[in-house]
Amino acid sequence: MSIQHSELILNPDGSIYHLNLRPEHIATDIIFVGDQYRVDKVTKHFDTIEFSTQKREFKTTTGTYKGKRISVISTGIGPDNIDIVLNELDALVNIDLSTRRAKEKHTQLNITRIGTSGSLHADIPVDSFLLSSHGLDLNGMLQSYQVDEISHPDIEEAFIKHTNWSAKKSYPLIVSNGKALEDKLASNKVYKGITATAGGFYGPQGRVLRLPLQDPDLNKKIDSFNYNNNRITNLEMETSAIYGLAKLLGHNAASMNAIIANRANGTFSKDPYKVVNDLIAYTLDKLVE
Ligand code: R1P
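Residues numbered from 1 in each chain as written. Predicted model: local features only at pLDDT ≥ 70, side-chain atom pairs only at ≥ 80, totals over all residues. Heavy atoms only, no water.

**Q** How would you sum up the overall build of the protein? Please name residues and give values.
**A** From N to C terminus, the protein includes seven helices and 14 strands. Here the C-alpha radius of gyration of the protein, 19 Å, is about what a compact globule of 289 residues would show, namely 19 Å. Its C-alpha atoms give the protein principal-axis dimensions of roughly 50 × 40 × 35 Å. Nonlocal contacts in the protein, meaning residues at least 24 apart in sequence, comprise 76% of its contacts between residues at least 6 apart. With an accessible surface of roughly 13,500 Å², the protein has 50% of that area assigned to carbon and sulfur atoms. Computed over 32 positive and 34 negative side-chain charges, the inter-centroid distance for the protein is 4 Å. (Helix = DSSP H or I, 4+ residues; strand = E, 2+ residues; numbered from the N terminus. Rg over C-alpha atoms; globule rule 2.2 N^0.38 Å. Contact = heavy atoms within 4.5 Å. Areas by Shrake-Rupley, 256 points an atom, 1.4 Å probe, with all protein chains shown as cover. Lys, Arg positive; Asp, Glu negative; His and termini not counted. Charge placed at Lys NZ, Arg CZ, Asp CG, Glu CD.)

Laid out in structure tokens, this is it:
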């Protein structure tokens, strides 16, 4: 069936609405960063640059690193942006934009996020690297889709019980990463754990400035949750949304986190740019190994 113009929106030059990209502009290996200014910090390592564009917070640069074609895209902050970025990237490779119909042959993207994050455990210190084994979706974006087949009910129910999770909040869905990418990116330099993805930076991550929280003990309960040796290691704002939509759309995804804050002992990295730059160099080299 042909997709209506109101649902799949193209710009006058044929590029997709928010990302401003045409199919030929992107590689199948993609790096996501949150901050638009982090795109250049990744692509400064590239051998060649073939294309760059930006619309709103979505900046894309495509080039090669050690001969491998890679696109680097900034997603901005939050799961709502990930909904736009994943759906539009998938449309670029799996929908024929001229006929507006899904292609018969599926193209799989390999998506690696390089983000910043706060650790919830004193033993995962600032300036370390962490690979998300799963995303714990605390923000609800994924609940607009049919998620039963990617859910992990045993661990989700244990989490609801352990935290006495309010029924007024969205269901906490657990989604796993793309194993092939995890295998590429893991090493003894990298912690692993479940990454909780919140729909905000302050209250949704348990920060108090002037507003009291619905559950002031939630971070402590998240911190003490353990299910068959799976623990929730860190909090940020994109990973579960990337993992969920990548699984549903048939793509591979992994999230690499530079730990810049430790919420358990209240510390913040003295040089957050260094750990991010180190994680960029580490991830690029692992992707081409
Ligand atoms: C909040 O400051 C932002 O930083 C983290 C969070 O997930 C959120 O996007 O990631 P990035 O540094 O990749 O943006």
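**Q** I'd like a rundown of the pattern of salt bridges, residues and numbers included.
**A** Evaluated as defined, the whole model comprises 15 salt bridges. In this structure, the salt-bridge partner of Arg22 is Glu24, at a minimum N-O distance of 2.9 Å. Under the relative-accessibility criterion, Arg22 is labelled partly exposed at 28%. Close ionic contact of Asp29 with Lys68 constitutes a salt bridge, the shortest N to O distance being 3.9 Å. With Asp29 in strand β1 (residues 29-33) and Lys68 in strand β4 (residues 68-74), this pair connects stretches of sequence that are 39 residues apart. (Salt bridge = Lys/Arg side-chain N within 4 Å of Asp/Glu carboxyl O. Buried < 20%, exposed > 50% of the residue type's maximum accessible area, 1.4 Å probe, protein only.)

**Q** Can you lay out helix α2 (residues 79-94) for me, pointing to particular residues and giving the numbers?
**A** With 16 residues, α2 extends 22 Å between its outermost C-alpha atoms, agreeing within 8% with the 22 Å of an ideal straight helix rising 1.5 Å per residue. Of the residues making up α2, those classed as buried are Pro79, Asn81, Ile82, Val85, Leu86, Glu88, Leu89, Asp90, Ala91, Leu92, Val93 and Asn94. (Expected span 1.5 Å × (residues − 1).)

**Q** How would you summarise the side chain of Ser128 if you had to cite specific residues and measurements?
**A** Tracing the backbone through its elements, the reader meets Ser128 in the loop between β7 (110-119) and β8 (129-137). Excluding residues within four positions of it along the chain, Ser128 makes contact with Tyr191, Asn257, Ala258, Ile259 and Val275.

**Q** Could you give me a rundown of the packing of aromatic side chains, with the residues and numbers involved?
**A** Using the criterion set out here, one finds four aromatic pairs in the structure. Between Phe159 and Trp165, the aromatic rings sit 5.6 Å apart at their centres with planes inclined by 50°, giving tilted as the arrangement. Judged by its relative accessible area of 1%, Phe159 is buried. Clustering of aromatic rings is evident, with ring pairs tying together Phe159, Trp165 and Phe225. The aromatic ring of Trp165 is capped on one face by Lys169, whose charged end is 4.7 Å from the ring centroid. The positively charged end of Arg207 is found above the aromatic ring belonging to Phe201, 3.9 Å away from the centroid. (Phe/Tyr/Trp six-rings, centres within 6.5 Å; stacked < 30°, edge-to-face > 60°. Lys NZ or Arg CZ within 6 Å of the ring centre and 35° of its normal.)

**Q** Pulling in residues and values, what's your account of the nonpolar core?
**A** Ranked by size, the top nonpolar core spans 58 residues in total, and within it Ile31, Phe32, Val42, Leu89, Ile111, Ile242 and Leu284 carry the most contacts. If near-sequence neighbours (up to four positions away) are discounted, Leu89 is found in contact with Leu19, Leu21, Ile26, Ile30, Phe32, Ile73 and Leu109. Residues Leu136, Ile194, Ala198 and Ile222 belong to the second largest nonpolar core, which totals 15 residues. (Core = buried A, V, L, I, M, F, W, Y, C linked by side-chain atoms within 4.5 Å.)

**Q** For the UniProt feature "domain: Nucleoside phosphorylase" (unreviewed entry) in the protein, give the residues involved together with the corresponding values.
**A** In the numbering used here, UniProt assigns the feature "domain: Nucleoside phosphorylase" (unreviewed entry) to residues 30-266. When the span residues 30-266 is considered, its composition is 24% helix and 35% strand, and the gap between its end C-alpha atoms is 33 Å. (UniProt positions renumbered as here; feature names shortened; annotations may be inferred.)

**Q** Would you mind going over unusual backbone geometry in detail, with residue names and values included?
**A** Look at Asp127: it is not a glycine, yet its phi comes out positive at around 75°. The partly exposed category is assigned to Asp127, whose relative accessible area is 42%. The phi dihedral of Asn164 falls on the positive side, at around 50°, and the residue is not glycine. Turning to its location among the elements, Asn164 is positioned in the loop between α3 (153-163) and β9 (173-176).

**Q** Describe the packing of α2 against helix α6 (residues 239-249), with residues and values.
**A** The N-to-C vectors of α2 and α6 enclose an angle of 25°; their axes lie 9 Å apart at closest approach. What the angle tells us is that α2 and α6 run roughly parallel. Between α2 and α6 lies a crossing whose hand is right-handed. Residues Pro79, Ile82, Asp83, Leu86, Asn87 and Asp90 of α2 form the contact with α6, whose own contacting residues are Ala241, Ile242, Leu245, Ala246 and Leu249. Here the contact of α2 with α6 is built from residues that sort into eight nonpolar, one polar and two charged. (Axes fitted to C-alpha atoms, helices over the stretch in contact; angles between N-to-C directions. Parallel < 35°, antiparallel > 145°, perpendicular 65-115°, else oblique. Left-handed = near helix turned anticlockwise from the far one by under 90°. Nonpolar A, V, L, I, M, F, W, Y, C, P; charged D, E, K, R; others polar.)

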